[in-house]
Amino acid sequence: LTWVLTQMGQRYTNLMDMVYPYVTRSVQSFLTAWTGGVDFLVWQAVILFLAVVLVATLVLVFIFRAKVIRWLGWALTVVMAVVLLHTGLYGLNRYAGPIEDDLRMDMVDYTQSELEAATIFYRDMAGELSGKVSRDESGDPAFAEFEELAALTGDGYRKLARERSFSIFGGDYTPVKKLGWAAIYSAQGKTGVTVALTGEAAVNPRIPDQGIPFAMAHEMAHRLCIAREDDANFSAFLACAENADTEYQYSGYFMAYRFCIEALSSVDEAAAEELSSAVTGNLAADIDEYGKYFTENRDEQMTMLVTTVTDTYEEATADAEVRYSSACDYLVNWHISEYTEAEEVETKFDPYTEEVAVLSEKAFSTGDRAKVKCYGSDSVPEGVAIMRLENVGVS
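All values reported here derive from a predicted model rather than from experimental measurement. (Residues numbered from 1 in each chain as written. Predicted model: local features only at pLDDT ≥ 70, side-chain atom pairs only at ≥ 80, totals over all residues. Heavy atoms only, no water.)

(A) Spotlight on the packing of aromatic side chains. Per the stated rule, a full pass over the model turns up 16 aromatic pairs. Geometrically, the ring pair formed by Phe121 and Tyr253 is edge-to-face, given 6.2 Å between the ring centres and 75 degrees between the ring planes. Here Tyr253 lies in helix H13 (residues 246-267) and Phe121 lies in helix H7 (residues 112-130), a separation of 132 residues in the sequence. Side by side, Phe121 and Tyr253 carry an identical accessibility label, which is buried. With centroids separated by 5.4 Å and ring planes inclined at 50 degrees, the aromatic side chains of Tyr157 and Phe169 adopt a geometry described as tilted. In this pair, Tyr157 sits in helix H9 (residues 153-162) while Phe169 sits in the loop between H9 and strand E1 (177-178), placing the two residues twelve residues apart along the sequence. The class for Tyr157 is buried, based on a relative accessible area of 0%. Residue classification places Phe169 among the buried residues on the basis of a relative accessible area of 0%. The rings of Phe121, Tyr122, Phe234, Phe237, Tyr253, Tyr330, Trp334 and Tyr339 are connected pair by pair, giving a single aromatic cluster. (Phe/Tyr/Trp six-rings, centres within 6.5 Å; stacked < 30°, edge-to-face > 60°. Helix = DSSP H or I, 4+ residues; strand = E, 2+ residues; numbered from the N terminus. Buried < 20%, exposed > 50% of the residue type's maximum accessible area, 1.4 Å probe, protein only.)

(B) Structural detail: the pairing of strand E3 (residues 200-203). Residue alternation in E3 divides its side chains into two sets, Glu200 and Ala202 and Ala201 and Val203, and both sets are buried. With two bridges joining them, E1 and E3 adopt parallel strand pairing. What sits directly across from Lys177, in E3, is Ala202. Where strand E2 (residues 192-195) lies against E3, four bridges are found, and the strand directions are antiparallel. Along E3, the bridge assignment pairs Gly192 with Val203. (Pairing = 2+ DSSP bridges.)

(C) Representation of the pattern of salt bridges. Scanning all chains against the criterion turns up 13 salt bridges. Glu242 is the partner of Arg164 in a salt bridge, and the nearest nitrogen-oxygen pair spans 3.6 Å. Here Arg164, found in the loop between H9 and E1, pairs with Glu242, found in helix H12 (residues 229-242); they are 78 residues apart in sequence, far enough to count as distant. For Arg258, the salt bridge goes to Glu262, with nearest N and O atoms at 3.6 Å. Separated by four residues within a single helix, Arg258 and Glu262 lie in helix H13, roughly one turn from each other. Taking the relative accessible area as the measure of exposure, Glu262 reaches 46% and is therefore partly exposed. One network of salt bridges, with partners in common, ties together Lys159, Arg164, Glu242 and Glu338. (Salt bridge = Lys/Arg side-chain N within 4 Å of Asp/Glu carboxyl O.)

Quick look at the structure:
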């Protein structure tokens, strides 16, 4: 049954876009209203209960000399039922259309220079904001208490949904919870977990402060039925950037820079090192502290196990015909559309003058994504301006 659902999700993506996300979002809101009344994580309590039942029934099997294979069959049935419920109530969101359609973004194959420009932008924004957040006597970030930060997560998504009309970010903004058994998740390198069957989003409270607001926004994105990891990362950045709280803004740009510099390092390590060398002061210290935390707490065997399981799930549920964008792809394209193209100069000129060639050559010879808009009277053929542009190598 689970396999049938995944095949339907891959085949009927338009239906997934039109109906499924809105239905599952309503389901998540209902479940969150039910589980949000308690401080602990309901799904962790259920796991403990099932573990006790598992051990108790196994003991009874040996006492009464029942068939172990039958007991194993029942145990696997429960596991498969949980997987089926998860897939039906949430998992098919992985087959919804790309998030760039919901955000009205034009995704392009960017150049390395555009990747570097975006990396510099996010680096400089993070550097500027690093001096505005609260710090303790040793200079480490000292953000607000967990519950206070959690109460602000929805502000960014609410602004994106209402002021920018991004309906994908509409939904329930109940604060995320603290993730119990945090040490186990730190060993796996995990910053948070969202369980759709209980509508609970939770964040590891032990990670460095600079990563907590972003992690909260990331897990809330999952609860808003944005299932793919890279989509949730980009959504978290947008929510942090739009949030009025400085700690959220810093966390968003801090993580955006990390995504971009890692991507740049994979294609040009020398260029990445050059850009990284310009990071100093609070930002440099915060980057080191963030990486150091996960390095010191990582359990290699557990991390390898979790990575294997995650990769297997990703491969099994991914649509082979769809190319998924990475968080860096979204961030670079967002920088291009929101900042680079916004700086383009719209100039009026007479197509008969040499100003056309001068302006177009200046705009295009640098490789920038500048656009030149031509204005002429009715008596001026449109082809004149086009010919002038072609004369400087622009079609």
